[in-house]
Amino acid sequence: NTGVSFLLKGLCKWGCPCPNRCFHLSFFSPLQTEQHGPKRPEPSSAKSLIDIGTRRIFSSDHDIFRESARKFFQEEVLPFHAEWEKDGQVSRELWEKAGQQGLLGVAIAEKHGGIGADILSSAVVWEEQMYVNCTGPGFSLHSDIVMPYIANYGSEEQIKHFIPEMIAGKCIGAIAMTEPGAGSDLQGIRTYAKKDGSDWILNGSKVFITNGWMSDVVIVVAVTNREARSPAHGISLFLVENGTKGFIKGRKLNKIGLKAQDTAELFFEDVRLPASALLGKENKGFYYLMAELPQERLLIADMALASCEFMFEETRNYVKQRKAFGKTIAHLQTVQHKLAEMKTQICVGRAFMDNCLQLHADKRLDSPTASMAKYWSSDLQNSIATQCVQLHGGWGYMWEYPIAKAFVDARVQPIYGGTNEIMKELIARDIVSDK
């Protein structure tokens, strides 16, 4: 076995056959699994686009993990999500339950206190969250955006202090890049950290911060050298803990979608940080951001595609029972053709998306390709959302229908993680460069 082995505790509660309340999973490469088992059906020929046991990039061990994750989201998230939408945040109890279930920090190495699985296992969690149409829990950002910065660039002391608590869901992570005057342009950041002896004094503000209101630790992007030859050479990352004097959380922002996700403004007023709060090396923050952003864009893309798959199945079920003109609207040729178009578009997108996931699992995903995935998938998500609402008719505009929530939640996807216009810039730059 050349795969990664790890122990997931608590799976038995969700149907694992192991009598010892744990299940040992060995993650083989997809190639090994295919050689030793039946060929896996592709989504295009499966009964449903969200069937377990499809897609050649996954193994039967991933399927077992997916069954566990699916049961968790269906039982612990879906029934409570409407209430969390009213609250503007999920519960802390949910975070700890996710930690107990082994759904946080799935791809963080065991040596750092993580689960030690592959990135495809993380993708299972991303997708299963979208398959219940519940965007409130900020698990993906916490596990696969914030935690990798600490695991990859943090000191041994920082890793030991934060990672185990983050894995357990007792320490919620956020990353603060965007500012009121700096969005996709990371080099326009104004938040500034000035040296004071061995300490740093941090001043500035951030906006649109996912997990911001509930966060226990925030990675703050700040300028540390205003005299650098370019802004990229003078940016550093800092770990700021909740409760630090001068660190103020503003209001939870009232968004048109992602209603259960706590998105906040953050303010830093003469926040004194010890030298140990610096994450990685001074003035290297921009390079760390560039190294980690492809995974963030891949994550957004895969969640967008999974949302497309959910919306398609939701709409397929609706048109098969909704009647008009004396028969179900699924009998109308115009509806059938629309379904055919959407399924084809989603399956084409899924093929590219799975290729990107496999490339990333092999550490071969580059920035332009990740940008392609993010731009294409999030644009497709909005197109599918619009078409699915149309097929629902007036009911598609009603908040209690899942398709209405999926529609408004989709709109931010081409904006955050770098706008799709910036994605096209990154793709085009690679095309015309004389490399």
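Rules used in this analysis
Residues numbered from 1 in each chain as written. Predicted model: local features only at pLDDT ≥ 70, side-chain atom pairs only at ≥ 80, totals over all residues. Heavy atoms only, no water. Axes fitted to C-alpha atoms, helices over the stretch in contact; angles between N-to-C directions. Helix = DSSP H or I, 4+ residues; strand = E, 2+ residues; numbered from the N terminus. Parallel < 35°, antiparallel > 145°, perpendicular 65-115°, else oblique. Left-handed = near helix turned anticlockwise from the far one by under 90°. Contact = heavy atoms within 4.5 Å. Phe/Tyr/Trp six-rings, centres within 6.5 Å; stacked < 30°, edge-to-face > 60°. Buried < 20%, exposed > 50% of the residue type's maximum accessible area, 1.4 Å probe, protein only. Lys NZ or Arg CZ within 6 Å of the ring centre and 35° of its normal.

Colleague: Tell me what's going on with the packing of helix α6 (residues 139–153) against helix α7 (residues 156–167), and back it up with residues and numbers.
Modeller: Relative orientation of the contacting elements α6 and α7 amounts to 165°, with a least axis distance of 10 Å. Relative to α7, α6 is oriented roughly antiparallel. Of the two possible hands of crossing, α6 and α7 adopt the one that is left-handed. Packed against α6, whose contacting residues are His142, Val146, Met147, Ile150 and Ala151, the element α7 presents Gln158, Ile159, Phe162, Ile163, Met166 and Ile167 at the interface.

Colleague: Explain the packing of aromatic side chains to me, using residue names and the numbers behind them.
Modeller: When we look at a pair of aromatic rings, we describe it by the centre distance and by the angle of the planes. What the rule picks out here adds up to twelve aromatic pairs. Consider the rings of Phe247 and Phe268, whose centres lie 5.1 Å apart with planes at 10°: the pair is stacked. Here Phe247, found in strand β8 (residues 247–252), pairs with Phe268, found in strand β9 (residues 263–273); they are 21 residues apart in sequence, far enough to count as distant. The buried category is assigned to Phe247, whose relative accessible area is 9%. With relative accessibility at 1%, the residue Phe268 sits in the buried group. Among the aromatic residues, those joined into a ring-pair cluster are Phe72, Phe73, Trp95 and Phe139. One residue, Arg66, lies across the ring of Phe58, its end atom 5.0 Å from the ring centre. Positioned above the aromatic ring of Tyr192, the side-chain terminus of Arg226 is 3.5 Å from the ring centre.

Colleague: Explain the side chain of Ser48 to me, and be specific about the residues and the numbers.
Modeller: Assignment of secondary structure puts Ser48 in the loop between α1 (30–36) and α2 (60–77). Classification of Ser48 as buried rests on a relative accessible area of 13%. Non-local contacts of Ser48, meaning those with residues more than four positions away in its chain, are made with Glu313 and Arg316.

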